[in-house]
Structures are given as C-alpha cells and as structure tokens.
Amino acid sequence: MQSENVKKNLHFPGNGGELGEITRNFDWSKTSVGPMENWPQNLRLTLSMILSSKFPMFLWWGKDMIQFYNDAYRPSLGNSGKHPLALGQKAIDCWPEIWDIIYPLIQQVQTTGQATWSEDQLIPIFRNGKIEDVYWTFGYSPIYSENEENIDGVLVVCTETTEKVQARKVIEESEERFRNMAEGADILIATSDETRNATYFNHAWTDLTGKSMQELLHFGWSDLLHEEDREAFLNLQKQSSENNLPYASEFRLRDKTGAYKWLFAKGTPRSRHNGTFAGYISTSIDITRRKVVEEKLMESELQIRSMVTSAPFPIGVYVGKEMHIVLANQSILDIWGKGNDVVGKSYMEILPELENQEVFNQLNNVLNTGISFHAKNQRIDLDINGELLPFYFNYSFTPLFDASGNVYGVMNTAADVTDLNLAKQKVEQSESNLRNMVLQAPVAMCILTGPKHLVEVANDLMFELWGKPAEELMGKPIFAGLPEAKNQGLEQIMWNVYSTGETFKADERPVSLSRKGNYETLFLNFVYEPYRDENGRIVGVLAVAIDVTEQVLARQKIEDIIAERTKELADTNLNLKKSNSELAQFAYIASHDLQEPLRKISVFSQLLENSLGNMNEQAANYLLKIRDSSSRMNKLIRDVLTYSELVNDQQGFETVNLNTVIADIKTDFELLIEQTGARIEYENLPVVEAIPLQMAQLFSNLAGNSLKFARKDISPVIKITASLLSKEEQNQLSLLSDREYYKISVSDNGIGFNMEHADQIFSIFQRLHRKSEYAGTGIGLSMCKKIALNHHGDINADGSTENGAVFNVFLPSGK
C-alpha cells in the first residue's frame, strides 16, 4: 500500500507514455537509488517534470549517475539497443563511446554548481548499428538536495540538431562551390542579401573597376554607374527586390581607366533552404562593342533598312501619336500573325489585345519622354487565330529623333524567348543556384565534365549555338555529339584547359558548325575556364560563348564601304592634283604672258590720251572704259595668281596672334573705315599655329567683304569673336579628332545674303551681284576657303538679308 502511494506522488501524467509505464514497473531496488518508496522529494519532482515534458530530457542521479529519460528523448537513441536497458543504468555503462566528452561536463556541474550550455555540439553516439555523428544543443543543470547543500543529480535538457547542422553544411558547401565557380568565370558575378546590400563581387568586377571588394560593398559600386543610368537602374533593383522578381537592364559603368563600359546585367532571386527570399545573384557582360557596332550601323538609313528587312530577329518602326507602322520585317510579322499588309496601319489597330498589357503606355512614354524602354522575359498575350496565347519576349522601344532633336517615332526590336522562359520556369523549381545561373545566363553557357568533356549542364542559348537539341547532346562527350566541331583546334584547347587549369579566351574566332544540313561559319567570342570541385580539383570545363557573327559581318560590310569611299577619295585627290597642276600652269601664264599685254594696253592708252589732248566726250569715254577694263583684268590676274599660290604654298607655320592680325588689318583699312564710319570690334582672340601671311589674307578678305557689302544708310559694324569647339561639334564638322579647334566668327550688319547661296559664295568666280553694283573678281571668299583648308580647318557662312552675314572660321589651336 505504501509503494502505491509513492508511485502516485510521482505525479505521472495520464498513462505516462511508454517510459512512464516502464518507470513505474522498473525494479529500482537493484540500483543505487533504491526502491521508489525511499526516493527523496527532489528526485520525485524532477522525474515528474521530465516525464511530463514534451521536450527531450534525461537525468543522471546519485554518485553512480543512474539514468532517467522521457519519451521525447527516446527517438534520439535510434535503433541502438540502449532502450529500455539505459533506464536505471549507470551513465558510464550506457555511454562508453562518449564518456570522455560528457563526464567533464558532469563533473563541472557537480563541482561548481553552475549550469552549462552548448549549441550544435558534435557528440557521436552508437545507434543504428554504428557510431553516428550526432549534433546536440543541450544544457546541463544541477539538481540540489533538499537542504540545498549537495548536488544529487544532473538534469540534461537537449535537442538533436543533426539535420539542421547538416543542412547548414550543405548550404556552406554550395556557397563555396558557387564562389569557386564565380571566381573562375570571366563574366561579372555578384550577390546581394534580402535588403539589397551587396555581399560578394567576383574577380571580374575588381579587374574591371580597379576597386577592391571592400570598396565595392555597401553600395560603393553604385558610384561607378553613369549619372544618366544610376537612378533608373537602382529603382529597377528596388522594385524587383520588393516583389521578389528577376530583373535585367543595360547601363554604363566607369572602369578603372575612367572610361564608361556598357554592361548588360541580369538578376535572379535566390532562396534559402526553407524557401524564404535571400537576395539576388546577378550576372553582367560587357556589351560595349555591340553598342559601338549599333551606332555605326545607324549611320546609313539605307543600310539600316536593308539590315532590318533581312534581320532574323523582329524589328518594327512606328511613327506619330497614332503609332503608324512604317517598317516591319518578316520576323515581327510572323510573331504578330496578322498578315503582311500592316504597313500604314496603326499599331494599336493591328494589336488591340495589348491595350491592357501596358505595352501601349510604354510606347507613349518613349514617344513623350525620348527615353528608351527595355523589357526582358516579358509575358505578352497575343491573339493567334482567335485564341489568346502567352508568349515571352525580350524587347526594346527606342526613340527616333529628327534633325531638330524631336522624337518622331519609335523603333521596336524584340526576341522571342518563349521557349527559353518556359524551360527556365521548370528548371527554377528544382535546380541549385549554380545550375540556375548557367541555365539563365544571358549568354550561351555550359559545363563539360571529365576528360571526355561530357555535357552536364547547358543552357538553351548554347544548344541554339550548337544547332542541335538537348537530347542529342546531354550526358554525351561534346565531340561525339558535335562531330562537325572536330579538327578545328578546339579539342586541344579544351584539353589544355582541363589538364593545366589555364583559361583560354578567343574573340571573333571562326567556327564551322552544321545548320540544317549545311555547314556555316560562325564568329564566336568564347571563354574556357577550368571547372573545379569544392576541393579545388579540376573536374571539367566551364564554357561561355557569344555569337557575334552579325556584328562581324556588319563590321566587314562597313569596312568594305569605307574601302570603297577611300578609293573614291583617292581618285578625287588625283583629279585635284591634276586641277592644281593646270591652275599652276595658268598662274605662270598669268604672271608672265598676260600681265605684259595688259601693261602695254594701259600705257599706250595713257599715251594716246596725252597725245590727243582735248578730245570729244565719246573718245574720252572709250579710253576710260579701256583703262577700267585693263585695271579689272589686272586685279583678276593678281587674285588668280594669289589663289594658285595658296594651292602650292610651302611657307612654314608659326605662332600667330590673331589680335595682332586684326590690328594690322584695321590699319590697312584706316582710310575706308574713316570714310564709312565703320567699327571693327574684337577682343581675346586666340593664338594659333598658322602661316602669318595667309592669316592676314583670310581676315583681310573677310573684313573687306563686310565693308564692301555695307548698307548705304547704316555705318558698318564688324564683330570678331572666338570660342573653343566641343568634340561633338568637331565630329559634326568632320574636323580632325586629335586636335582642339577654335571657332572665329566674323559678323556684320551689311546687306547679307540668302541662305540658299551659303555654299555657292565660296566657289571661285561666283558672284551674287552685278559688277556694276559691287566691285570684285569673285575670288576673295574662295581664297578664304582654301586658306582654312590649308590649315586643316574649314569655313562656312550664315546670315540673312535682314541681319547681315556671319562667317565662321574653324582653325586648330596647335596644341
């Protein structure tokens, strides 16, 4: 009866579970704790708490460390054979395999009375027929005697964390493998956390920017963004992060030389093992060369139209607020599926199903703001034969500007990436971050493993490049699945990378591959990097490739055009030399054969006038006309002779102060200035490297021209100003790009001219007025043109009949 009361006082909950029943029925008299009816109150209370707890707990009691534990702890024993023998057993007998680990902890609690706590501690135990590495988070606490003077036992509260630790190790190993791969890649790879703070940049980032990892972290990289791209790109990142969505964008980044590079970046969300958002993995590639090629292609509208029509990717051009279609190549017509008679119709009329898909708003924003819009992997639902079907596109809306800088239309370029996106969605559900990065890379990418280079992972762009479906290549040696790639030097290159660990890079390398039964030569930029495991051992080759065939062919076409233009220029120069030679012969005749007869005409007409004395009015008028005509002829010959000497001028260049030149000209025209009340205003004119005499001729002719064509009722005012040209202005004028140029403007308030004659007035012997109205030979401005060209410069004219004329002279500074 007494024993039953003791059992009741233990306060076992319900039936106490399996261990509760065993504890009640266990013969404790055979252990050092003695029969249950003799147990002290503190043991009863502790045991009642252990058996009632849903948390794993056990107790070592007395000097022999007799064991108690609850049902929640039992699963940790596994199929070890310890249960139920461990109940009432001495600790040292139960746990010989870990006694040297746990006994010091027990002693520490018994001697100091201080509890101890350990987290994720490795304590290997024997279970399931072997010693297993088991991790625990546990606390050891003393159980004091009723008088609180002695420690009667040690209470252990524990939980097994093996799965958590192993999961963490898997993540750490995956991260390490990712970083090893990233450091071996030539593309720019970075990661960020869920707060958009950067956490990692690979060596390609530090090589490009010249910045250390620490300088790039904490948004240091954002300072390198071009100021015109920074806000838009950071906003895109922010919006994508807030919605846990992938993003893609093009932007300019300042490299270590201070120059800006165009990059194409793609950000992919990454998740923790529990599925929560952990930040982004971003990959970026340098597309500067592509941008340069695009700019060159836009120089010729005919070439663009030809290329657009034959381009293998969709292109359309829409103009005006109604977005009328003026150009649509076959690729975009095939996507729309609306027939071939769409030119001239409204974009909104052809594709009404896009009204609620933001596309119309995107087009209008580009038309109104002049800012390009780019979308990557955007879902677009199109009406195909009456059924609304989903497609995915990478597309851009680019503003088109007229000569005045106003937006008159939008160019639409696109790529159908529907298949790529559907494949990507399936892969993202099960693949690791590394596999995702390869499959989602914006360039063709694959991993080839082993000495036979087996295709382990490859993205759609790589299969497209190879020209074969995945089932013909996956898991096979690359040169077995792609025999046409043999004997082009690729086998040795790949083996060298695999065997030596040295990276191989190639730009615009020709490679012959099969396309629909025919061999075609493609031009590729590619990189072979050693692919290593977590121990740094080379296990394969990481290949990244970009098809630049279109760019290479386009550049070659441009080079052919340049060669043709160069030949035309050479022919023109030959004709010019011939013309100059003929002009030199004429100058010789003018200086030696024509001037002498004119001099005799002038002299004999003077003698005739003197000998006749008083003559009638008609004879005097005849002699006056002879003198005037011979004088004009003599001046014309001198001007032609001067012009011809400009062609073959061998004078040396010197430092010329244009302020001094203008001052001398004012002195030369002093009498005419006084007679007309004219003013010549100038200040702060530059110093240039030039031929002094020709500078005097140039500005004397311009000043004389302004004085000659002055208005009768207004005193002439000539203003001369100077400023440095910008590089953009130099390019527009086709001046030398390696020199600085000054623009010297000579303006007046004279009678001016119609702009339709702006080019004509620089041609030799060209006159806009009759000789009877204004004197001159029609050579002065052509001499100015020749002098400017002699100095690798140019001259042009602007003006009107109301406000006078402006002559702009462009001269190199000599720096």
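Residues numbered from 1 in each chain as written. Predicted model: local features only at pLDDT ≥ 70, side-chain atom pairs only at ≥ 80, totals over all residues. Heavy atoms only, no water.

Side note on the pairing of strand β7 (residues 151–160)
Using the following cut-off: Two strands qualify as a pair provided that DSSP identifies no fewer than 2 bridges between them. Helix and strand assignments follow DSSP, with helices taken as H or I runs no shorter than four residues and strands as E runs no shorter than two, numbered in order from the N terminus.
Alignment of strand β1 (residues 57–61) against β7, held across five bridges, turns out to be antiparallel. Bridging across to β7, tryptophan 61 finds its partner in glycine 153. In terms of strand pairing, strand β6 (residues 135–144) meets β7 through nine bridges, oriented antiparallel. If you follow serine 141 over to β7, its bridge partner there is leucine 155.

Observations concerning the environment of asparagine 657
As a reminder of what qualifies: Relative accessibility under 20% of the residue-type maximum defines a buried residue, over 50% an exposed one, and the middle range a partly exposed one, all with a 1.4 Å probe and only protein chains included. We call two residues contacting when some pair of their heavy atoms lies within 4.5 Å. Counted as a polar contact is a pair of N or O atoms within 3.5 Å, where, for protein atoms, one must be capable of donating a hydrogen and the other of accepting one, and residues adjacent in sequence contribute only when both atoms are in side chains.
By secondary structure assignment, the location of asparagine 657 is in strand β23 (residues 654–657). Residue classification places asparagine 657 among the partly exposed positions, given a relative accessible area of 32%. Through-space distance from the C-alpha of asparagine 657 to that of valine 688 is 6.6 Å; in sequence the pair is 31 residues apart. Dropping the residues within four chain positions of it, asparagine 657 is found in contact with Leu685, Pro686 and Val687. Engagement of the side chain of asparagine 657 in a polar contact is seen with the backbone nitrogen of asparagine 659, the distance being 2.8 Å.

A word on the sheet that holds strand β27 (residues 741–748)
Put simply, the test is: Note on geometry: axes are C-alpha line fits, over the in-contact stretch for helices, and angles between N-to-C directions span 0 to 180 degrees.
As summarised here, the arrangement of the five strands in space is β24-β26-β27-β29-β28, forming an open sheet in which the pairing is mixed. Bordering the open sheet on either side are β24 (679–682) and β28 (794–800), each of which pairs with just one other strand. Taken over all neighbouring pairs, the strand axes of this sheet differ in orientation by 15 degrees on average, direction set aside. Along the sheet, helix α22 (residues 658–668) makes contact with β24, β26 (717–724) and β27, crossing β24 at roughly 175 degrees. Sitting on the sheet, helix α26 (residues 780–790) touches β28 and β29 (804–812), and the angle it makes with β28 is about 140 degrees.

With respect to α22
The condition that has to hold: Note that the arc is computed from the directions linking the helix axis to the C-beta atoms.
For α22, every residue scored as buried is listed here: Leu658, Val661, Ile662 and Ile665. When α22 is viewed along its axis, its buried side chains cluster within an angular range of 95 degrees and face the same direction. At its buried positions, α22 is contacted by β23, β24, β25 (687–690), α24 (692–708), β26 and β27. You can read the cap of α22 off the contacts: a side-chain oxygen lies 2.8 Å from the backbone nitrogen of asparagine 659, and it is on asparagine 657.

Topic: the packing of α22 against α24
Definition in use: Roughly parallel means an angle under 35 degrees; roughly antiparallel means over 145; roughly perpendicular covers 65 to 115; every other angle is labelled oblique. For any helix crossing, the convention is left-handed if the near helix is rotated counterclockwise from the far helix by under a right angle, and right-handed if that rotation is clockwise. All amino acids are sorted into three groups, where Ala, Val, Leu, Ile, Met, Phe, Trp, Tyr, Cys and Pro are nonpolar, Asp, Glu, Lys and Arg are charged, and the leftover types, Gly among them, are polar.
It is the contact of α22 with α24, at a shortest axis distance of 10 Å, that shows an interaxial angle of 50 degrees. Classified by the angle their axes make, α22 and α24 are oblique. In this structure, the crossing between α22 and α24 has a hand that is right-handed. Of α24, the residues touching α22 (which contributes Leu658, Val661, Ile662 and Ile665) are Met695, Ala696, Phe699, Ser700 and Ala703. Along the lines of polarity and charge, the residues of the contact of α22 with α24 split into eight nonpolar, one polar and no charged.

Some points on the pattern of salt bridges
Our working rule: We define a salt bridge as a contact between a side-chain nitrogen of Lys or Arg and a carboxyl oxygen of Asp or Glu at a distance within 4 Å.
Applying the stated criterion across every chain, the model contains 20 salt bridges. Residue glutamate 250 is joined to arginine 290 by a salt bridge in which the shortest nitrogen-to-oxygen separation is 2.5 Å. Of the two residues, glutamate 250 is situated in strand β10 (residues 247–254) and arginine 290 in helix α10 (residues 288–297); the sequence distance between them amounts to 40 residues. Residue classification places glutamate 250 among the buried residues on the basis of a relative accessible area of 16%. By relative accessible area, which is 28% here, arginine 290 ends up partly exposed. One salt bridge in this structure joins glutamate 484 and lysine 468, with 3.7 Å as the shortest N-O distance. Of this pair, glutamate 484 sits in the loop between α18 (478–481) and α19 (490–500) while lysine 468 sits in the loop between α17 (460–466) and α18, placing them 16 residues apart in sequence. A residue is classified by how much of its surface remains accessible, and glutamate 484, at 11% relative accessible area, is buried. Overlapping salt bridges, with partners in common, bring together Arg289, Glu508, Arg555 and Glu559 in one network.

Examining the confidence of the model for the chain
What counts, and what does not: Residue-level confidence of the predictor, termed pLDDT, takes values from 0 up to 100.
Within the chain, residue pLDDT values average 81, and 82% of them lie at 70 or more. Across the chain, the secondary-structure element scoring lowest on mean pLDDT is helix α1 (residues 2–9), at 41, and the one scoring highest is β26, at 93. Note on residues 1–16: pLDDT is under 50 here. Beyond four places in sequence and across chains, it has 24 contacts.

What about the nonpolar core?
The condition is simple: As used in this record, nonpolar core signifies buried Ala, Val, Leu, Ile, Met, Phe, Trp, Tyr and Cys residues forming a set joined through side-chain atoms within 4.5 Å.
One finds Trp60, Phe68, Trp95 and Tyr140 to be the most contacted residues of the largest nonpolar core, which totals 41 residues. When residues of this core are traced back to their parent elements, those giving at least two are α3 (41–52), β1, β2 (66–69), α4 (91–94), α5 (99–112), β6 and β7. Setting aside anything within four residues of it in sequence, one finds tryptophan 95 in contact with Trp60, Gln67, Tyr73, Leu77, Lys82, Ile102 and Ile125. In this structure, Leu685, Phe753, Phe807 and Val809 belong to the second largest nonpolar core, which totals 37 residues.

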